[in-house]
Amino acid sequence: MRHVLVTGASSGLGRALALAFAAPGVRLGIHYASRAHDANDTARMAEQRGATVYLSRADFTAEHAWRALLHDVEKQRLPLDVLVLNAGTARAKRIINMTEDDWNAVLNVNYRAHVHLMNALSGRLLRHGSHVLVTGSLVGLRGEIGLSAYAASKGALLGFVRDAARRLGPRGICINGIIPGLLRTNMTAVLSDEDFAEAAAENVLGHGSACEEIARAAVFITTLQNVSGQAFALDSRLRDC
């Protein structure tokens, strides 16, 4: 049985990623922070596609919450074939207004929990042929006013991908990042239609991206056994980075 774990899979891109991997013969781990109803909906849809599903709740804003997810994964007693580190959060504040709690909340979810989780799993459940996929962001490459912590955490993740690739390569484990386009998700729901359209105008095709298309590309990337340490830009926004 193929074992896949997706963090932040209750909705949006995480749900699309989970469903893209869902198939007969797949044991699918669906992690979520708080929206149990949404996570159950993702699980139901994945089961309709033939996957065997388990749910794990862990609010990564708490410093050591990732250990609860690690425990749930280890209970499956299966090596991990694909680990998708997708959970994310943002605090839309200018840097001068960011509190220590704001910084910690964003860094814990977007960076620290994923680094700790992958390091723990790499020594226990990841094996030759396993693939780790990390969801980055264009903001992590070029920055964005009002999203300082988000930009810092996503930029750090892409640096982590390159470092981990060097460490895991000799064991035959691949790790790559994806940089999705502008998506309509819970995170971007705060944008008005006008603001979203303005952001989408940077896309040479004149519109935002689709979670399902990003997910299909992500699944393909995890089939590549000779590519690691890369950040794939699944976007069409060409403003200078």
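Structure: above.
Residues numbered from 1 in each chain as written. Predicted model: local features only at pLDDT ≥ 70, side-chain atom pairs only at ≥ 80, totals over all residues. Heavy atoms only, no water.

*Asks:* I'm lost on the overall build of the protein in this one. Help?
*Replies:* Along its length, the protein carries 8 helices and 7 strands. The burial tally for the protein puts 50% of its 241 residues in the buried class. Split by element, the accessible area of the protein, about 11200 Å² in all, is 51% carbon and sulfur. (Helix = DSSP H or I, 4+ residues; strand = E, 2+ residues; numbered from the N terminus. Buried < 20%, exposed > 50% of the residue type's maximum accessible area, 1.4 Å probe, protein only. Areas by Shrake-Rupley, 256 points an atom, 1.4 Å probe, with all protein chains shown as cover.)

*Asks:* Any chance you could explain the pattern of salt bridges here in plain terms?
*Replies:* When their charged atoms lie close together, side chains carrying opposite charge are able to pair. As enumerated under the stated definition, the model contains 6 salt bridges in all. For Asp41, the salt bridge goes to Arg44, with nearest N and O atoms at 3.7 Å. Of the two residues, Asp41 and Arg44 are both situated in helix α2 (residues 36–48); the distance of 3 residues between them amounts to about one turn of the helix. Between Arg167 and Asp163 there is a salt bridge whose closest N-O contact spans 3.1 Å. (Salt bridge = Lys/Arg side-chain N within 4 Å of Asp/Glu carboxyl O.)

*Asks:* Even after reading the chapter, I still don't get the packing of helix α1 (residues 12–21) against helix α8 (residues 211–221), so can you show me in this structure?
*Replies:* Between two packed helices, both the angle of their axes relative to each other and the distance between the axes serve to describe the pair. Two elements in contact, α1 and α8, have axes whose closest approach is 8 Å; the angle formed by their N-to-C orientations is 50°. One element, α1, and the other, α8, form an angle in the oblique class. Our pair here, α1 against α8, has a crossing hand that is right-handed. Seen from α1, the contacting residues are Gly12, Leu13, Ala16, Leu17, Ala20 and Phe21; seen from α8, they are Cys211, Glu212, Ile214, Ala215, Ala218 and Val219. Partitioning the contact of α1 with α8 into residue classes produces 10 nonpolar, 1 polar and 1 charged. (Axes fitted to C-alpha atoms, helices over the stretch in contact; angles between N-to-C directions. Parallel < 35°, antiparallel > 145°, perpendicular 65-115°, else oblique. Left-handed = near helix turned anticlockwise from the far one by under 90°. Contact = heavy atoms within 4.5 Å. Nonpolar A, V, L, I, M, F, W, Y, C, P; charged D, E, K, R; others polar.)

*Asks:* Looking at this structure, how should I read the side chain of His131?
*Replies:* Along the chain, the position of His131 falls in strand β5 (residues 126–135). Residue class for His131 comes out buried when judged on its relative accessible area of 0%. Those residues in contact with His131 that sit more than four places away from it in its chain are Asp81, Val82, Leu83, Cys174, Ile175, Asn176, Ile221, Thr222, Leu224 and Val227.

*Asks:* Just to check I follow, could you spell out the nonpolar core for this structure?
*Replies:* Nonpolar side chains in soluble globular proteins generally cluster together in the buried interior. Core analysis: the largest hydrophobic core is formed by 31 residues, its most contacted members being Leu83, Met118, Leu121 and Ile175. For this core, the secondary-structure elements that each account for two or more residues are α3 (66–74), β4 (80–85), α4 (100–122), β5 and α6 (148–168). Ranked by the residues each element gives to this core, the list is headed by α4, at 7 residues. Leaving out residues up to four positions away in the same chain, Met118 has contacts with Leu83, Leu85, Leu126, Val132, Phe160, Ala164, Arg167, Leu168 and Ile175. If you look at the next biggest cluster of nonpolar residues, it comprises 27 residues, including Val4, Ala9, Val26 and Ala46. (Core = buried A, V, L, I, M, F, W, Y, C linked by side-chain atoms within 4.5 Å.)

*Asks:* Hey, could you run me through the sheet that holds strand β3 (residues 52–57) in this one?
*Replies:* Each strand in a sheet pairs with another by means of backbone hydrogen bonds, the pair being arranged parallel or else antiparallel. With respect to topology, 7 strands assemble into an open sheet ordered β3-β2-β1-β4-β5-β6-β7, the strand pairing being parallel. Edge strands, defined here as strands with exactly one partner in the open sheet, are β3 and β7 (231–234). Sheet twist, expressed as the average angle between the axes of neighbouring strands with direction ignored, equals 20°. Of the strand pairs in this sheet, strand β2 (residues 26–32) and β3 are connected by 6 bridges, and their pairing is parallel. The residue bridging Ile30 from the neighbouring strand is Leu55, located in β3. Contacting β4, β5 and β6 (174–180), α4 runs over the sheet at an angle of about 170° to β4. (Pairing = 2+ DSSP bridges.)

*Asks:* Sorry, what's going on with unusual backbone geometry here?
*Replies:* Trans peptide bonds make up most of the peptide bonds, and negative phi angles are found at most residues other than glycine. Positive phi, normally seen in glycine, also occurs at Arg77, with a value near 55°. Looking at the secondary structure, you find Arg77 in the loop between α3 and β4.

*Asks:* Would you mind showing me how to read the pairing of β2 here?
*Replies:* Two faces make up the sheet, and in a regular strand the side chains alternate between them. Across the 7 residues that make up β2, a large majority, 6, are buried. Traced from strand β1 (residues 2–6) through α1 to β2, the parallel crossover comes out right-handed. Following the backbone out of β2, through α2 and into the adjacent parallel β3, one traces a crossover that is right-handed. (Right-handed = clockwise from strand over helix to strand, strands pointing away.)

*Asks:* What should I look at first to understand the pairing of β1 in this one?
*Replies:* Of all the 5 residues making up β1, 4 are buried; the element is thus mostly covered by neighbouring parts of the structure. Where β1 lies against β2, 5 bridges are found, and the strand directions are parallel. Looking at the pairing, Val4 lines up with Leu28 of β2. Note: β1 against β4, 3 bridges, orientation parallel. Note that in β4 the partner of Leu5 across the bridge is Leu83.

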